Amino acid sequence: MLKVDFHVHTYFSDGKKSPKDMVNFARKKGIYIAITDHDTSQGIKEVSNLGVIPGQEVTTEYGHIVILCQFPPSPPKGIEQLVDYSKENNCIVFPSHPFDILRAGIGDHVFNYKFDAIEIYNSKANRIANKKAKEASEKLSLPGLSNSDSHVPEALGSAYNKLPIEELNVEEILEYIRKGKVEPIEVGLSGKAKFSIGVWYIQRKLRK
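Notes on the structure follow. (Residues numbered from 1 in each chain as written. Predicted model: local features only at pLDDT ≥ 70, side-chain atom pairs only at ≥ 80, totals over all residues. Heavy atoms only, no water.)

Section: the pattern of salt bridges
Then step 1. Evaluation of the coordinates by the stated rule reveals seven salt bridges.
Then step 2. The partner of D14 in a salt bridge is R204, with the nearest N and O atoms 4.0 Å apart. Placement of D14 in the loop between β1 (2-8) and α1 (19-28) and of R204 in helix α5 (residues 191-207) is noted, with a sequence separation of 190 residues between them.
Then step 3. On the basis of relative accessible area, D14 is assigned to the buried category, the value being 16%.
Then step 4. Judged by its relative accessible area of 25%, R204 falls in the partly exposed class.
Then step 5. When the shortest N-O distance is used, the salt bridge between K131 and E135 registers 2.7 Å. Linking K131 with E135, this pair stays in helix α3 (residues 127-140), spanning four residues, or about one helical turn.
Then step 6. With relative accessibility at 52%, the residue K131 sits in the exposed group.
Then step 7. With relative accessibility at 40%, the residue E135 sits in the partly exposed group.
Then step 8. Three or more residues joined by partner-sharing salt bridges are found here, namely D100, R103 and D149. (Salt bridge = Lys/Arg side-chain N within 4 Å of Asp/Glu carboxyl O. Helix = DSSP H or I, 4+ residues; strand = E, 2+ residues; numbered from the N terminus. Buried < 20%, exposed > 50% of the residue type's maximum accessible area, 1.4 Å probe, protein only.)

Now the structure itself:
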C-alpha cells in the first residue's frame, strides 16, 4: 500500500521549508507527497527527480482548489476554466477544506462544478468543516481525500491516503483517485505540530 498526502506547501508559497526538506521529512514517515503551493509550480522543479506529484492550490474567485497533474501545471484561476483545463490535461481537481470559512473554502460552490474528489479531512480544518465536506462527498458520490495541508514538516503524517499500489506512478495514482480507489486516513495534529504551526504563523506575520 502506498501512503500519499495530496496537499503540502513549501517556502515557494507560505510554507516554512524547501520542497526537498518536505519530501525528505515525509519519506521518513513512509509518505509520498504532492507539492501544492499557492498559485505556483516553481518548487516542483527542485524535486522532480525525488518522486513527487506535481500540483497547485489555486486561488479561484470562490476559494481554494487543488489541481494535481503529471506535470507542473499552469492552471487558470477561474473555477470553470480550471475544471476544463484539468480535464483537457488529464489532471485531477478537488476543493481543499471547502467548508472552512476562515481559510478560503469554496463552500456550497462545491455542488456547482464537476470535481474529481473532495478533501473531506484537512488536519488544520475544524471538525464541523470536515464533517460538512464528508457529507458533500457522499451526496455527490465523489471520492474523499484526507490531507495534512502541511506548511511545516511537523504536520506531515497528520493525514494521508492509502492506495493499493506499491510504487509511485503519478498517472496511476490520478486514475485511482478518479475511480475512488483511495482510503482516507485521519490521524490528527500532534501537540508538537500544533506548536510549530503556531510559531510559523507568528513568524510569517512578523515578516510582513
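Having seen it, we continue.
Let's talk about the packing of aromatic side chains
Then step 1. Inspection of the entire model under this criterion finds two aromatic pairs.
Then step 2. Ring centres 6.2 Å apart and planes at 55° place the aromatic pair Y113 and F115 in the tilted group.
Then step 3. Positioned above the aromatic ring of F111 is the side chain of K139, whose terminal nitrogen or guanidinium carbon lies 5.2 Å from the ring centre.
Then step 4. Its guanidinium or amino end placed over the ring of Y176, K181 lies 5.5 Å from that ring's centre, counting from NZ or CZ. (Phe/Tyr/Trp six-rings, centres within 6.5 Å; stacked < 30°, edge-to-face > 60°. Lys NZ or Arg CZ within 6 Å of the ring centre and 35° of its normal.)

Here we look at a nonpolar patch on the surface
Then step 1. Taken together, the side chains of Y201, I202 and L206 make up a nonpolar region of the molecular surface, amounting to roughly 360 Å² of accessible area.
Then step 2. Looking at the secondary structure, you find L206 in helix α5. (Patch = residues over 30% accessible without salt bridge, like charges linked within 9 Å, V, L, I, M, F, W, Y side chains within 5 Å. Areas by Shrake-Rupley, 256 points an atom, 1.4 Å probe, with all protein chains shown as cover.)

What about the layout of surface pockets?
Then step 1. By volume, the largest pocket amounts to about 190 Å³.
Then step 2. Across the lining of the largest pocket, the residue classes break down as four nonpolar, one polar and five charged.
Then step 3. Empty space within the second largest pocket amounts to approximately 150 Å³.
Then step 4. Lining the second largest pocket are I120, Y121, N122, S123, A125, N126, R127, N130, K131, K134 and E186.
Then step 5. Listing elements by their share of the lining of the second largest pocket, those giving two or more residues are β6 (118-122) and α3.
Then step 6. Counting residues per element, the lining of the second largest pocket draws most heavily on α3, which supplies four residues.
Then step 7. Considering only residue class, the lining of the second largest pocket consists of three nonpolar, four polar and four charged. (1 Å grid on protein atoms, 1.4 Å probe; cavity = no way out; pocket = protein on both sides within 12 Å on 5 of 7 lines; lining within 4 Å. Points joined across faces, edges and corners; volume = space filled by probe spheres on them. Nonpolar A, V, L, I, M, F, W, Y, C, P; charged D, E, K, R; others polar.)

Some words on the sheet that holds strand β2 (residues 32-35)
The strands that make up a sheet pair up through hydrogen bonds in the backbone, lying either parallel or antiparallel.
Then step 1. The sheet built from seven strands is open, its strands ordered β5-β4-β3-β2-β1-β8-β9 with mixed pairing. Since the sheet does not close on itself, it has two edges, and those belong to β5 (92-95) and β9 (183-186), each with one partner. With direction set aside, neighbouring strand axes in the sheet form an average angle of 30°.
Then step 2. Pairing of strand β4 (residues 64-68) with β5 involves four bridges; the strand directions are antiparallel. Residue pairing for β5: V66 is matched across the bridge by F94.
Then step 3. This element, α1, spans β1 and β2 of the sheet and lies at about 155° to β2. (Pairing = 2+ DSSP bridges. Axes fitted to C-alpha atoms, helices over the stretch in contact; angles between N-to-C directions. Contact = heavy atoms within 4.5 Å.)

Comments concerning the nonpolar core
Taken as a class, soluble globular proteins show a tendency for nonpolar side chains to be buried jointly.
Then step 1. Residues I65, I67, V93, V110, F115 and I118 are the most contacted members of the largest nonpolar core, which totals 21 residues.
Then step 2. The next biggest cluster of nonpolar side chains, apart from the first, holds 19 residues, and it includes I53, V66, A117 and V182. (Core = buried A, V, L, I, M, F, W, Y, C linked by side-chain atoms within 4.5 Å.)

Considerations on helix α4 (residues 170-178)
Then step 1. Three or more residues of α4 are buried, namely V170, I173, L174, Y176 and I177. Viewed along the axis of α4, the buried residues span an arc of 160°, placing them on a single side of the element.
Then step 2. Buried residues along α4 sit against β1, β3 (53-59), β4, β5, β7 (144-147) and β8 (159-163).
Then step 3. Two or three places before E171, at the opening of α4, N169 has a side-chain oxygen 3.2 Å from that residue's backbone nitrogen.
Then step 4. G180 occupies a position one or two residues after α4 and carries a positive phi of about 75°. (Arc of directions from axis to C-beta. Polar contact = N/O pair within 3.5 Å; in protein donor to acceptor, adjacent residues only side chain to side chain.)

Shape descriptors only; they carry no functional weight alone.
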